[in-house]
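Each chain, letter by letter, is given below.
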Amino acid sequence: NSNTGGSGGFARGMEETLISMDVFPATHVVLMDDDVILQVESLYRLRALLSLMKEEYAQEMVAGRMFCIDRPHIQYTAVEIWNKGDIRHIGWNQNMADKQSLWSMNENKCGEYGGWWFACFPIEFVKENRPLPFFLHCDDVEYGLRHGGTPIILNGIQVWHESHEYRKSYIIEYYDLRNSLIVNSIYEFLDYDEKLEKNWIERISKYHKEKNWQWELAVILGMNDFLKGTVWLKECNGAYIHSLLLHLPGCRWINMLMWRIVRVKLRIYIKKMRKKRYISKSEDKIYNLNR
């Protein structure tokens, strides 16, 4: 297979499930990272839950909890809130050895999506939807927001996985920035004002002061590739981009030139989107007046 990253791997699993429907009829698809620790009991509980699901909840996704692999009794998260990229967790960092943590463990009032360490989707949704070609990171966010609804959580449906702080690298920094901007753009969470540029420059400045040149360049390139738009995303070779990231140079002078070029592109983009949003609001206003 060509290297299509995590997004491509999950999409391939969906395709294989649909191809095999005549032989192995499926009602749901479970998406699960390959580096988790899983107890088979979670699959038994999931099957029981799906078998007994009321019709009104039949099209909701089921989110598996994530426990810390290095602290097995600590629930890292049950389900997530995107919050424009400043992620919030339902049931974050809870000690499940403490009885007080058990009272509300199955409540989800405002969670929006579940991470793909363990996520179960109805086959009807999977038939019509595939992950975006993000290669790594935020594919689960966008897919979950696209599905909508309120993810269902149940005690015992869970995995153990490395938490975010152990998985940081300049490569992940690139994907996190680029893909979170794409998600926010799709769902109109982006504010096209000076804050967008300011937050980006603050991120660059942080790594510049630390002399982390690779991290700094990753943030610059993440914004640059976001500004190339959706057509570029669909047509780009994800494996090639990833290979370039693996050999990213750490050069202060390249960074000094690159961030200035990208800043000009960003300012043009912000101006363009402000104008587009203004025209859209004006058309809505005229439409409502005519009604």
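Keep in mind that this is a model prediction, so the values were computed, not measured.

Observations regarding the overall build of the chain
Alright, step 1. Within the chain, the secondary structure is distributed over 10 helices and nine strands.
Alright, step 2. By the compact-globule yardstick of 19 Å for 291 residues, the chain fits well, its C-alpha radius of gyration being 21 Å.
Alright, step 3. Taken along its principal axes, the extent of the C-alpha atoms in the chain is 55 × 55 × 45 Å.
Alright, step 4. Relative to its 291 residues, the chain shows a buried fraction of 43%.

What to know about the sheet that holds strand β8 (residues 119-122)
Alright, step 1. Strands sit in the order β1-β8-β2 across an open sheet of three strands; the sheet is antiparallel. The open sheet has two edge strands, β1 (28-31) and β2 (62-63), and neither has a second partner.
Alright, step 2. Of the strand pairs in this sheet, β1 and β8 are connected by four bridges, and their pairing is antiparallel. Bridge pairing in β8 places L31 opposite A119.

Here's the deal with the side chain of E216
Alright, step 1. Tracing the chain through its elements places E216 in helix α7 (residues 213-226).
Alright, step 2. Buried charge E216 goes without a salt bridge, the closest partner of opposite sign being R252 at 7.2 Å.
Alright, step 3. A polar side-chain atom of E216 sits 2.7 Å from a polar atom in the side chain of N255.
Alright, step 4. Not counting the four nearest positions on each side in its chain, E216 is found in contact with I204, Y207, H208 and N255.

So, the state of the cysteines
Alright, step 1. Scanning the model with the defined rule gives zero disulfides in all.
Alright, step 2. Left without a disulfide partner, C110 is nearest to the cysteine sulfur of C138, which lies 19 Å away.

As for the confidence of the model for the chain
Alright, step 1. With 95% of its residues at a pLDDT of at least 70, the chain reaches an overall mean of 92.
Alright, step 2. Segment residues 287-291 is flagged for pLDDT under 50; beyond a separation of four residues in sequence, or across chains, it makes zero contacts in the model.

Digging into the environment of E56
Alright, step 1. Note on placement: E56 falls in the loop between α2 (40-52) and β2.
Alright, step 2. For the pair formed by E56 and D35, sequence separation is 21 residues and the distance between their alpha carbons is 33 Å.

Regarding the packing of helix α6 (residues 194-209) against α7
Alright, step 1. Where α6 meets α7, the axes come as close as 7 Å, and the angle between the chain directions of the two elements is 160°. The orientation of α6 with respect to α7, classified from their angle, is roughly antiparallel. The hand of the α6/α7 crossing is left-handed. Between α6, through W200, R203, I204, Y207 and H208, and α7, the contact on the second element is made entirely by W213, W215, E216, V219, I220 and M223.

Description of unusual backbone geometry
Alright, step 1. In this model, N83 sits at a positive phi of 55°, which is unusual for a non-glycine residue.
Alright, step 2. Residue position: N83 is located in the loop between β5 (79-81) and β6 (88-90).
Alright, step 3. According to the relative accessible area criterion, N83 is partly exposed, its value standing at 36%.
Alright, step 4. Despite not being glycine, E188 has its phi angle at roughly 55°, a positive value.
Alright, step 5. Mapped onto the elements, E188 comes out in the loop between α5 (170-186) and α6.
Alright, step 6. The exposure class of E188 is exposed, given its relative accessible area of 63%.

Quick look at the pairing of β8
Alright, step 1. Side-chain alternation along β8 places A119 and F121 on one buried face and C120 and P122 on a second face that is also buried.
Alright, step 2. Where β2 meets β8, two bridges bridge the pair, whose relative direction is antiparallel. Residue A63 lies in a different strand from β8, and its bridge partner there is A119.

Things to note about α7
Alright, step 1. For α7, which comprises 14 residues, the first-to-last C-alpha distance of 20 Å matches the rise-based estimate of 20 Å (1.5 Å per residue) to within 8%.
Alright, step 2. Of all 14 residues that make up α7, 12 are buried, and the element is covered over most of its length.
Alright, step 3. Considered for burial, the residues of α7 that qualify are W213, E216, L217, A218, V219, I220, L221, G222, M223, N224, D225 and F226.

Observations concerning the sheet that holds strand β9 (residues 158-161)
Alright, step 1. Pairing is mixed across the open sheet formed by four strands, whose spatial order is β7-β4-β3-β9. The outermost strands of the open sheet, each flanked by one partner alone, are β7 (94-95) and β9.
Alright, step 2. Summarising the sheet, strand β3 (residues 65-68) and β9 pair through four bridges and their orientation is parallel. Paired with M66 across the two strands is V159, which belongs to β9.

Topic: the pattern of salt bridges
Alright, step 1. By the definition in use, this model includes 13 salt bridges.
Alright, step 2. With a closest N to O distance of 3.3 Å, D35 and R167 form a salt bridge. With D35 in the loop between β1 and α2 and R167 in the loop between β9 and α5, this residue pair connects regions lying 132 residues apart in the sequence.
Alright, step 3. Judged by its relative accessible area of 34%, R167 falls in the partly exposed class.

About the thresholds
- Residues numbered from 1 in each chain as written.
- Predicted model: local features only at pLDDT ≥ 70, side-chain atom pairs only at ≥ 80, totals over all residues.
- Heavy atoms only, no water.
- Helix = DSSP H or I, 4+ residues; strand = E, 2+ residues; numbered from the N terminus.
- Rg over C-alpha atoms; globule rule 2.2 N^0.38 Å.
- Buried < 20%, exposed > 50% of the residue type's maximum accessible area, 1.4 Å probe, protein only.
- Pairing = 2+ DSSP bridges.
- Lys, Arg positive; Asp, Glu negative; His and termini not counted.
- Salt bridge = Lys/Arg side-chain N within 4 Å of Asp/Glu carboxyl O.
- Polar contact = N/O pair within 3.5 Å; in protein donor to acceptor, adjacent residues only side chain to side chain.
- Contact = heavy atoms within 4.5 Å.
- Disulfide = S-S within 2.5 Å.
- pLDDT = per-residue confidence, 0-100.
- Axes fitted to C-alpha atoms, helices over the stretch in contact; angles between N-to-C directions.
- Parallel < 35°, antiparallel > 145°, perpendicular 65-115°, else oblique.
- Left-handed = near helix turned anticlockwise from the far one by under 90°.
- Expected span 1.5 Å × (residues − 1).

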